[in-house]
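A structural walkthrough
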Amino acid sequence: MKNVGIIGGGIGGVAAAAALYRLGIHATVYERAPRLEEVGAGMMLWPNATRILKELGLLEYVAARSGLNTHFTVRASSGNVLMNIALGKFDVPALCTRRSDLLAALLSALPREHVRLGRELTHLEQSKSKVRVQFADGSIAEHDAVIGADGIRSRVRAQLFGVSDPVYRGYTVWRGVAAYRGWAVRHGYNSESWGHGSRFGILSIGQSRFTWYATANVRAALPGERKSELLQRFAGWHEPIPELIESTELILENGAYDLPPLPRWTAGRVTLLGDAAHPCTPNLGQGGCMALEDALVLAKCVLQERSIESALRRYELLRRRRTGHIQQRSLLMGHIGQWQNRAAVSGRRVVTSLLPAALFEHNLRSVYSYET
Ligand SMILES: Cc1cc2nc3c(=O)[nH]c(=O)nc-3n(C[C@H](O)[C@H](O)[C@H](O)COP(=O)(O)OP(=O)(O)OC[C@H]3O[C@@H](n4cnc5c(N)ncnc54)[C@H](O)[C@@H]3O)c2cc1C
């Protein structure tokens, strides 16, 4: 029986372990944190991701804890609707969920002893038949293959191909979760509102709770000042934006970083997955969805191919083009969304309100229809 080690217990690592386990392949997750808890607000799970959850037998669990998403609306900061995109009919729903709920669902598909906490990878080396991994606590493990699912600043990636520093794309993203029971958000309608160099997104995670994100062309603000900084920046934007910011307890802050598509992810018996392989800016809400797709494709390749090396090569081949495309599209969307110049913003508003929504629906369909 093949025995796979996975470095990183984020969405990608745990999903990969769950997918492998479901197909009868033994996988162990090594996570450096002492506890497995997904920090973060909510995240979009588009149909390409909920299809994976369905195949893993987890869709019902996640859907029961999520908001259903039927439309995506682009608005001006005044609230005027510029475009309303119907997400169309798919075999599975588009959802928005708390990250912690998604992680809990993935963990529920894995026996507890398959997750080792407090294990920070420091070094790995491979021979012809094994990969040996070393951890900061001095322990050592051996596996037939190792998956680096250790995020955008992946140590596995650095060990395989040298250090590649993530690229800062010029803006900061804040996120939070708040309850809201007012009239200003329609059920099933998620939205992103555009200003000058700033955006604000509102996504329902169900039961009158919303996850929101805000962007601005600035370097991160100081932690204690987040709420007042955001209230000032989004004062005068449409309802319920100021109210959502005001009623949020914990506001998270991330710079927008990614990497251009990497030339290689795989070396022998070691490969990369999720943000370690193809980190992207959050503009399409697809980073975590791509990690879920990777997980299932990888597990199927390990099951089907005769050797570990050919399984990992095939996985990379199947995933490279799609993830590279998403990385580049996400970068472009962020670039356009962060326009600050008055003339450019006016032009964007006019073009967006004139373009047929069907064009975007068609475009999105190509992303959401993906099947492993
Ligand atoms: C603001 C923002 C909004 C986003 N919104 C969405 C969205 O709506 N939808 C969506 O699909 N995606 C979204 N994403 C992207 C998504 O969060 C990521 O793509 C996803 O979390 C990647 O998962 P991962 O498991 O590959 O990496 P990570 O989540 O980074 O997990 C890596 C794990 O590896 C561990 N680790 C690191 N180094 C080591 C080591 N040496 N040894 C052991 N363990 C290690 C870390 O502690 C961590 O637990 C968003 C991202 C941001 C920043």
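Use the structure listed above.
Keep in mind that this is a model prediction, so the values were computed, not measured. (Residues numbered from 1 in each chain as written. Predicted model: local features only at pLDDT ≥ 70, side-chain atom pairs only at ≥ 80, totals over all residues. Heavy atoms only, no water.)

Taken together, 29 residues lie around the ligand, and Gly12, Glu31, Met44, Arg99 and Asp275 are the ones closest in. For the ligand, an oxygen atom lies 2.8 Å from a polar atom in the backbone of Met44. The separation between an oxygen atom of the ligand and a polar side-chain atom of Arg99 is 2.7 Å. Here the ligand, which alone exposes 1000 Å², has 85% of that area covered by the protein. Mapped by element, the contributors of at least two residues to the shell around the ligand are helix H1 (11-22), strand S2 (26-31), strand S3 (42-45), strand S13 (167-179) and helix H8 (287-304). Class assignment for the residues of the shell around the ligand results in ten nonpolar, eleven polar and eight charged. (Near = heavy atom within 4 Å. Polar contact = N/O pair within 3.5 Å; in protein donor to acceptor, adjacent residues only side chain to side chain. Areas by Shrake-Rupley, 256 points an atom, 1.4 Å probe, with all protein chains shown as cover. Helix = DSSP H or I, 4+ residues; strand = E, 2+ residues; numbered from the N terminus. Nonpolar A, V, L, I, M, F, W, Y, C, P; charged D, E, K, R; others polar.)

As summarised here, the arrangement of the three strands in space is S9-S10-S11, forming an open sheet in which the pairing is antiparallel. Each edge of the open sheet is held by one strand with a lone partner, namely strand S9 (121-126) and strand S11 (140-143). Taken pair by pair, the neighbouring strands of this sheet meet at an average axis angle of 20°, ignoring direction. Note: S9 against strand S10 (residues 131-135), five bridges, orientation antiparallel. Within S10, the residue paired with Leu124 across the bridge is Val133. (Pairing = 2+ DSSP bridges. Axes fitted to C-alpha atoms, helices over the stretch in contact; angles between N-to-C directions.)

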